[in-house]
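# Coordinate analysis (summary)
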Amino acid sequence: INAEYGGWNIPYEFNQADLTASIQFVQNHLDDMDPRHGVNWSTVRYMIGEVQYGGRVTDDMDKRLLKMFCKAWFKEDMFQPGFQFFWASGGGVPGKPYTIPVCKTVQQYLDFIEKLPPVDSPEVFGLHPNANITYQSKTARDILDTVLNIQPKESSAGLGETRETFVQRMADDMLSKLPPDYIPHEVRERINEMGALSSMNIFLKQELDRMQRVILCVRTTLTDLKLAIEGTIIMSEKLREALDSIYDAKVPPSWTRLSWDSSTIGFWFTELIERNSQFHSWCFTGRPNVFWMTGFFNPQGFLTAMRQEVTRGHKGWALDQVVLNNEMTKYTKDDITSPPPEGVFVHGLFLDGAGWDRRNSRLVEPPPKVLFTPLPVIRIFAENTAPVTDGKVYECPIYKKPRRTDLTYIASVNLRHGAVSEEKWVMRGVALLCDIK
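Heads up: these notes are all about the structure in this document. (Residues numbered from 1 in each chain as written. Predicted model: local features only at pLDDT ≥ 70, side-chain atom pairs only at ≥ 80, totals over all residues. Heavy atoms only, no water.)

### Structural notes on helix 7 (residues 184-194)
Val-187, Arg-190 and Ile-191 are the residues of helix 7 that are buried. Each buried residue of helix 7 sits inside an arc of 100° when the element is viewed along its axis, so together they form one side. Each element contacted by the buried residues of helix 7 is listed here: helix 8 (199-230) and helix 11 (265-284). (Buried < 20%, exposed > 50% of the residue type's maximum accessible area, 1.4 Å probe, protein only. Helix = DSSP H or I, 4+ residues; strand = E, 2+ residues; numbered from the N terminus. Arc of directions from axis to C-beta. Contact = heavy atoms within 4.5 Å.)

### Considerations on the packing of helix 8 against helix 9 (residues 237-247)
Direction vectors running N to C along helix 8 and helix 9 enclose 100°, while the axes themselves pass 10 Å from each other. When the interaxial angle is binned, helix 8 and helix 9 end up roughly perpendicular. For the pair helix 8 and helix 9, the contacting residues are Thr-221, Leu-222, Asp-224, Leu-225, Ala-228 and Ile-229 in the first and Leu-239, Ala-242, Leu-243 and Ile-246 in the second. Residue composition of the contact of helix 8 with helix 9, grouped by class: 8 nonpolar, 1 polar and 1 charged. (Axes fitted to C-alpha atoms, helices over the stretch in contact; angles between N-to-C directions. Parallel < 35°, antiparallel > 145°, perpendicular 65-115°, else oblique. Nonpolar A, V, L, I, M, F, W, Y, C, P; charged D, E, K, R; others polar.)

### Observations concerning the sheet that holds strand 11 (residues 393-399)
Reading across from one edge, 9-6-13-11-12 is the order of the 5 strands in this open sheet, with mixed pairing throughout. Because the sheet does not close on itself, it has two edges, and the strands there are strand 9 (372-374) and strand 12 (409-416). Averaged over all pairs of adjacent strands, the angle between strand axes in this sheet comes to 35°, irrespective of strand direction. Of the pairings in the sheet, the one linking strand 11 to strand 12 comprises 7 bridges and is antiparallel in character. Looking at the pairing, Val-393 lines up with Arg-416 of strand 12. (Pairing = 2+ DSSP bridges.)

It is worth stressing that arrangement in space is one thing and function is another; only the former is reported here.
Below is the structure:
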């Protein structure tokens, strides 16, 4: 599950020592157990999920997943004849369930093991069969990246075109599309007109400063690279690195350090233009009715600024007591013609690991071979008290990129579901992604 299907945010080195320690604890617990009271399942779940295996887990969402595995598997029902873990299917046809064997001889256990599938289905771990597509796509990307890294650096780009000629043509094309620099006094005047002390405008100013640094870095790198190719200046190590990256359709490391990750330079440059378009429109045209949260350097800061704005609008509210809440709409970005009375409208999020029922506004099974489902506009706002739910709500994390870590985590929103509990969706690893590239 770690290496193949990505059920965890972070791969952990679970080993035989963890299994041995867990078995020893269970043995000791059974030896000391009072037969009248039976197994203390809460103790078993805590020791395995929080200590033996949980001691290695560092990510909060991974801890939630591990606790959910313990809750689903370590209970009195596991001794019932009909208990099974998950159904394993192949080619869309349900297969044999994974059960706990009840055998009397070693040979019977060996025969049971021999009948298990040679390759485990993602469903064994509670994941959707689509997880297998994700695994295969990742494997293919890794192979292609390796091929790119070992290719000769002096090969032509086809039709006799050299690396330098190809990169120079790419540099000319990007420079012609690169947005102009922001003029500081013009930005300052617009921010003052909109309200310099507004938390949202302070956030906008910080984002504009970072975008200007990115634009300046890109323009400087491309201009110097053209001069170095022509022989006017020396080809430094940094410029050589940029040349190799652009030729391989990758983002130069010096750009990534100032900006964001992306799989190819084409996606990255397109996102640069789209991000800048939102910032420029917000600054010089006015605050947008709906925000593209993917386009922010610091989306956590955006939500914090919104919380501050709502808190200042309510007398007696304290920022440290205000919590985020959300409301799912059925609208697309183009349907929104005015901002919400309080909070913000957000678009551009993708659901990973589940589908979305637009009519009933709830999580459903994703269609086969559909890895990501675009979500309608979400209204995110702040309340002075934690929202009260009826239990049919899944706390869904939002990440900036498909690589889920604490560094890419933004916040969590509540999504309704029709299941008995959120157990199913936790094991599926359902999350919202700002960017799927």
